[in-house]
Amino acid sequence: MRAVFTGTGMHVPPHVVDNHRMARVMDTSDEWIRQRTGIVERRFAGLDQATSDLAATAAEGAIAEAGIEKSEIDYVLVATMTPDYYFPGVAPIVQHKLDLPPVPCLDIRQQCSGFVYGMQLADAMLRSGQYRNVLLVGAEVHAGFMPWTDWEIVLDGKQRPLPEGEFEWNTRFRDRAVIFGDGAGAFVVSAREDGASGVEDVMVCADGDHADKMWVPGAGSAYRPYVRREMIERGDLVPIVEGPKVFKVAVRVMPEAVRAILKRNGYTVDDLRLLIMHQANLRINEVVQRTLGLEDDKVFNNIQKYGNTTAATLPMAFHEAREACGLEKGDLVCFVALGSGLTWGAALYRI
Ligand code: UT7
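Quick caveat: nothing in here was measured; it's all calculated off a predicted structure.

*Asks:* For this particular structure, what's the right way to read the overall build of the protein chain?
*Replies:* Across its full length, the protein chain carries 13 helices and 14 strands. The C-alpha radius of gyration of the protein chain comes to 20 Å, within 12% of the 20 Å expected for a compact globule of 351 residues. Counting only C-alpha atoms, the protein chain reaches 65 × 45 × 40 Å along its principal axes. Counting all 351 residues of the protein chain, 56% fall into the buried class. Counted over contacts in the protein chain with a minimum sequence separation of 6, partners at least 24 positions apart contribute 78%. Of the charged side chains in the protein chain, 37 are positive and 47 negative, and the gap between their average positions amounts to 4 Å.

*Asks:* Sorry if this is basic, but what is going on with the pattern of salt bridges here?
*Replies:* Between side chains of opposite charge, pairing is possible as soon as their charged atoms come close. Applying the stated criterion across every chain, the model contains 21 salt bridges. Note that Arg350 is salt-bridged to Glu200, the shortest N-O span being 3.2 Å. With Arg350 in strand β14 (residues 343-350) and Glu200 in strand β8 (residues 198-206), this pair connects stretches of sequence that are 150 residues apart. What makes Glu200 partly exposed here is its relative accessible area of 24%. Here Arg264 makes a salt bridge to Asp201, at a shortest N to O gap of 2.6 Å. Here Arg264, found in helix α10 (residues 243-264), pairs with Asp201, found in strand β8; they are 63 residues apart in sequence, far enough to count as distant. Classification of Arg264 as exposed rests on a relative accessible area of 52%. Each of Asp150, Glu152, Lys158 and Arg160 takes part in salt bridges that share partners, so that together they form one network.

*Asks:* Which parts of the structure should I look at to understand the layout of surface pockets?
*Replies:* Gaps left between atoms show up when a probe the size of a water molecule is rolled over them. What the second largest pocket holds in volume is close to 210 Å³. What lines the second largest pocket is Phe5, Thr6, Gly7, Thr8, Glu65, Ser197, Phe318, Arg322, Leu327, Lys329, Tyr349 and Ile351. For the lining of the second largest pocket, the secondary structure elements donating two or more residues are β1 (2-11) and α13 (313-324). With four residues, the top contributor of residues to the lining of the second largest pocket is β1. In the lining of the second largest pocket, the residues fall into five nonpolar, four polar and three charged.

*Asks:* Before we go on, may I ask you to explain the site of the ligand in this structure?
*Replies:* Taken together, 22 residues form the shell around the ligand, and within it Thr28, Arg36, His278, Asn281 and Asn308 come nearest. Side-chain polar atom of Thr28 to a nitrogen atom of the ligand: 2.6 Å apart, as the coordinates give it. Note that a nitrogen atom of the ligand is positioned 3.1 Å from one of the backbone N or O atoms of Gly243. Within the residue set of the shell around the ligand, elements represented by two or more residues are α2 (30-37), α8 (174-177), α10 and α11 (282-292). Per element, the largest residue contribution to the shell around the ligand is four residues, and it comes from α10. Of the residues in the shell around the ligand, the class split is 11 nonpolar, six polar and five charged. Each of domain 1 (2-192) and domain 2 (198-350) contributes no fewer than three residues to the shell around the ligand.

*Asks:* Please explain the packing of aromatic side chains as it appears in this structure.
*Replies:* Aromatic ring pairs are described here by two measures, namely the spacing of the ring centres and the angle between the planes. On inspection of all chains with the given rule, the structure shows 14 aromatic pairs. Taken together, a centroid distance of 5.8 Å and an interplanar angle of 80 degrees make the contact between Phe5 and Phe318 edge-to-face. Within this pair, whereas Phe5 is found in strand β1, its partner Phe318 is found in helix α13, the two being separated by 313 residues in sequence. Phe318 matches Phe5 in its accessibility class, with the two residues each being buried. Members of the aromatic cluster, connected to one another through ring pairs, are Phe5, Phe115, Phe187, Phe318, Phe335 and Tyr349.

Reading guide: rules and limits
Residues numbered from 1 in each chain as written. Predicted model: local features only at pLDDT ≥ 70, side-chain atom pairs only at ≥ 80, totals over all residues. Heavy atoms only, no water. Helix = DSSP H or I, 4+ residues; strand = E, 2+ residues; numbered from the N terminus. Rg over C-alpha atoms; globule rule 2.2 N^0.38 Å. Buried < 20%, exposed > 50% of the residue type's maximum accessible area, 1.4 Å probe, protein only. Contact = heavy atoms within 4.5 Å. Lys, Arg positive; Asp, Glu negative; His and termini not counted. Charge placed at Lys NZ, Arg CZ, Asp CG, Glu CD. Salt bridge = Lys/Arg side-chain N within 4 Å of Asp/Glu carboxyl O. 1 Å grid on protein atoms, 1.4 Å probe; cavity = no way out; pocket = protein on both sides within 12 Å on 5 of 7 lines; lining within 4 Å. Points joined across faces, edges and corners; volume = space filled by probe spheres on them. Nonpolar A, V, L, I, M, F, W, Y, C, P; charged D, E, K, R; others polar. Near = heavy atom within 4 Å. Polar contact = N/O pair within 3.5 Å; in protein donor to acceptor, adjacent residues only side chain to side chain. Domains from an automatic or database assignment. Phe/Tyr/Trp six-rings, centres within 6.5 Å; stacked < 30°, edge-to-face > 60°.

Structure follows, in structure tokens:
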């Protein structure tokens, strides 16, 4: 039994926010953001959109391509670090918005590597014969983490001054505020008895020793009560990213993970048709590409258009790469990601 991606979909909200617009709410510049991250623009969800909305729309596309009835989806997995609510999880909300019958629904909270964890779960569920069609979604609305209050300037380009002191306040978070974007990607993963196509292997790992390299320090069961006014006033609800430290870990661990999964399956990098990397920073991906000695046509990046969409980067990149890179039956694709936790992982998929 193989786990085959029978349909893929993606959805990004319509608000395109370029770097120039970001520079109107904090001390940054198009030049800095492009040079340090490769990002040109990102999408932010509208004020009435939550993660489940983007997830459901991406899932509709994947289900349509898979050519199955919604009633045939028998498990829903949603990877996100920005669920609609503290609880319940977002997966049951996605199931409800899609009008699916009652089925098991599970949230995956592994941030940037959540989708790789999801591939491992989907693969195991399908190969065990317990399920036939797993809906696997990666979706994020990071907009809620952003420090500014005036969304009309950011979303609609309204020309007006910010409230007093807010430019300085937003600038405190500029290293993180410029890197995130909102979006969703979805796969229908189906059990197939025959054929060479399907997930070949998934390896995932975590090291909680680095939990404080990327995290949201405020709000949670570590506090009484969960949230206090001082946390908001200190900006503790905005993620902390120890950027340079994580950068160094990412450029070491991601190539190691790719080499390890290739080796344990008897392959080398020469067997790869495409490497789909987490889209956290174009410079990270350029280093990983060089380290692995991959030609430009063996990697695909779309961070330039969407920023870092955390759990959604891998499915969104694969969805676009299928056409952009002309993937064909028999091609070997590797996925790799590293993120908060720290968590990381790689997957091999035969088209
Ligand atoms: O998604 C999960 C995985 N995440 C990652 O892998 C993130 C990895 N790290 C990164 O992508 C990068 O470290 C960042 C994009 C987060 C930051 O880039 P950097 O090149 O590491 O910059 P830095 O934090 O070392 O800051 C360099 C300078 C500082 O100024 P000084 O101290 O040299 O005067 C910052 O204050 O750049 C300044 N700076 C900015 N300037 C303009 C930081 N952010 C900005 C900004 N605009 N947005």
